[in-house]
Amino acid sequence: MSPLLSLRGVNKHFGALHVLADVDLDVAKGEVVVVIGPSGSGKSTLCRTINRLETIGSGSITLDGSELPSEGRELAALRADVGMVFQSFNLFAHKTVLENVTLGPVKVRKAAKAAAEQRSFQLLERVGVAAQAHKYPAQLSGGQQQRVAIARALAMDPKVLLFDEPTSALDPEMVNEVLDVMTALAREGMTMVVVTHEMGFARRAADRVVFMADGRIVEEARPDHFFSAPKSERARDFLSKILSH
């Protein structure tokens, strides 16, 4: 089977800084790939290139057999197929929770408002925040806001869901409520690329762990193999620092 998402020879520079260096990555339909590595390794940039929030210097990115367009209507259509959950929620402050989730399907997918609202309620129930549907984001905790952001991404029926450090802005007691939702999505077969520092989630939910350093994919393996016997010195050094606390 051909991969749902495929990156080939992807390079990205910020000025003189080579943030992605010849990155090759395939993600199969239904696979959960967790990307880890030290700060500045290119993880978030990798995530942001997949839906063209960052342009690439060279290489190719294909989704479901089609190469990612760089601009225009085709890009808007592609973005609808690639859901993104950000570190900082990015909800519209002046819209209610329900309006935040309903907006994309109505505006982009041209869904009927009543049907979109009904589906949005179902998704808010699924992530455990249906009771907050008529509140505004500022009235919610960070964990609740991030779960609304996940529901908003799901409302577009994306082919793949990207998570860019989805728990790093949260207070510690709110982290698990978001990770539990993500773990449930993984079990339901959602195709996911997750950039995170949460090693417990990587062990529990990933089909594959991708370890990045200095803009390159250094190693990739099943979680049990990666955490018990990393092959590269760089990965061993990284794990010794984070797992010893």
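What counts and how
Every residue gets a number counted from 1 within its own chain, in the order that chain's sequence is written. It should be noted that, the model being predicted, local features are given only for residues of pLDDT at least 70 and side-chain atom pairs only at 80 or more, the latter also being counted only at that level, while totals for whole chains, interfaces and linings use all residues. Each side-chain value is derived from all of the structure's non-hydrogen atoms; neither hydrogens nor water enter the calculation. Under the scheme used here, helices are H or I runs from DSSP no shorter than 4 residues and strands are E runs no shorter than 2 residues, and both carry numbers assigned from the N terminus. Given a helix with a known number of residues, its expected span is that number minus one, times 1.5 Å. Only protein chains enter the area calculation, which uses a 1.4 Å probe; residues under 20% of their type maximum are buried, those over 50% are exposed, and those in between are partly exposed. Whenever Lys or Arg places a side-chain nitrogen within 4 Å of a carboxyl oxygen from Asp or Glu, that contact is recorded as a salt bridge. For this quantity, the arc is that covered by the directions from the helix axis to the C-beta atoms. Note on definitions: a residue-residue contact is assigned when non-hydrogen atoms from the two residues lie within 4.5 Å. Pairing of aromatic side chains here covers Phe, Tyr and the six-membered ring of Trp, requires ring centres within 6.5 Å, and sorts the geometry by plane angle: under 30 degrees stacked, over 60 edge-to-face, intermediate tilted. UniProt positions are given in the numbering used here, feature names are shortened, and annotations may be inferred rather than shown by experiment. In this analysis, axes come from line fits to C-alpha atoms, helices being fitted only over the stretch in contact, and the angle between any two N-to-C directions falls in the range 0 to 180 degrees. Each angle receives one of four descriptions, namely roughly parallel if under 35 degrees, roughly antiparallel if over 145, roughly perpendicular if within 65 to 115, and oblique otherwise. Two helices that cross are described as forming a left-handed crossing if the nearer one is turned anticlockwise from the farther one by less than a right angle, and a right-handed crossing if clockwise. Three categories are distinguished: nonpolar for Ala, Val, Leu, Ile, Met, Phe, Trp, Tyr, Cys and Pro, charged for Asp, Glu, Lys and Arg, and polar for the others, with Gly belonging to the last.

An ideal rise of 1.5 Å per residue puts 22 Å on 16 residues; helix α6 (residues 172–187) measures up with 24 Å between its terminal C-alpha atoms. Along α6, the positions that sit buried rather than exposed are Met174, Val175, Val178, Leu179, Val181, Met182, Thr183, Leu185 and Ala186. Gly189 sits one or two residues past α6 and shows a positive phi near 95°.

Here we come to the pattern of salt bridges. A full pass over the atoms with the stated rule returns 16 salt bridges. Salt-bridge contacts for Glu54 lead to Arg48; the nearest nitrogen and oxygen are separated by 3.6 Å. Classification of Glu54 as buried rests on a relative accessible area of 18%. Here Arg48 falls in the partly exposed class, since its relative accessible area comes to 26%. One salt-bridge network, held together by shared partners, links Asp64, Asp81, Arg109 and Lys159.

Here we take up helix α4 (residues 113–126). Taking 1.5 Å per residue, 14 residues should reach 20 Å; α4 reaches 20 Å between its end C-alpha atoms and fits that length. Among all positions in α4, only Ala116, Ser120, Leu123 and Leu124 are buried. Here the buried residues of α4 occupy an arc of 100° about the axis, which is enough to place them on one side. Within α4, the exposed residues directed more than 90 degrees away from the buried face are Ala114, Gln118 and Glu125. Against α3 (97–107) and α5 (142–154) lie the buried residues of α4. Positive backbone phi, at 85°, marks Gly128, one or two positions downstream of α4.

We now examine the packing of aromatic side chains. Across all of its chains, the model carries three aromatic pairs by this definition. Ring geometry for Phe211 and Phe226: centres 6.0 Å apart, planes at 35°, overall tilted. Taken together, the positions of Phe211 in strand β9 (residues 208–213) and Phe226 in helix α8 (residues 223–228) put the pair 15 residues apart, joining distant regions of the chain. Overall, the relative accessible area of 0% leaves Phe211 in the buried class. Summarising the aromatic geometry, the rings of Phe211 and Phe238 are spaced 5.3 Å apart at their centres and angled 50° between planes, so their arrangement reads as tilted. Linking Phe211 in strand β9 with Phe238 in helix α9 (residues 233–242), this pair joins segments that are 27 residues apart in sequence. With respect to burial, Phe211 and Phe238 carry one shared label: buried. By way of ring pairs, the aromatic residues Phe211, Phe226, Phe227 and Phe238 are connected into one cluster.

According to UniProt, the "domain: ABC transporter" (unreviewed entry) feature falls on residues 5–239. For residues 5–239, the helix share is 39%, the strand share is 25%, and the end-to-end C-alpha distance is 28 Å.

One can describe the packing of α3 onto α5 by two numbers: an axis separation of 8 Å at closest approach and a directional angle of 25°. Taken as axis vectors, α3 and α5 run roughly parallel relative to one another. Along this stretch, α3 crosses α5, giving a crossing that reads as right-handed. Touching Val97, Asn100 and Val101 of α3 are Val148, Ala151 and Arg152, all from α5. Counted by class, the contact of α3 with α5 contains four nonpolar, one polar and one charged residues.

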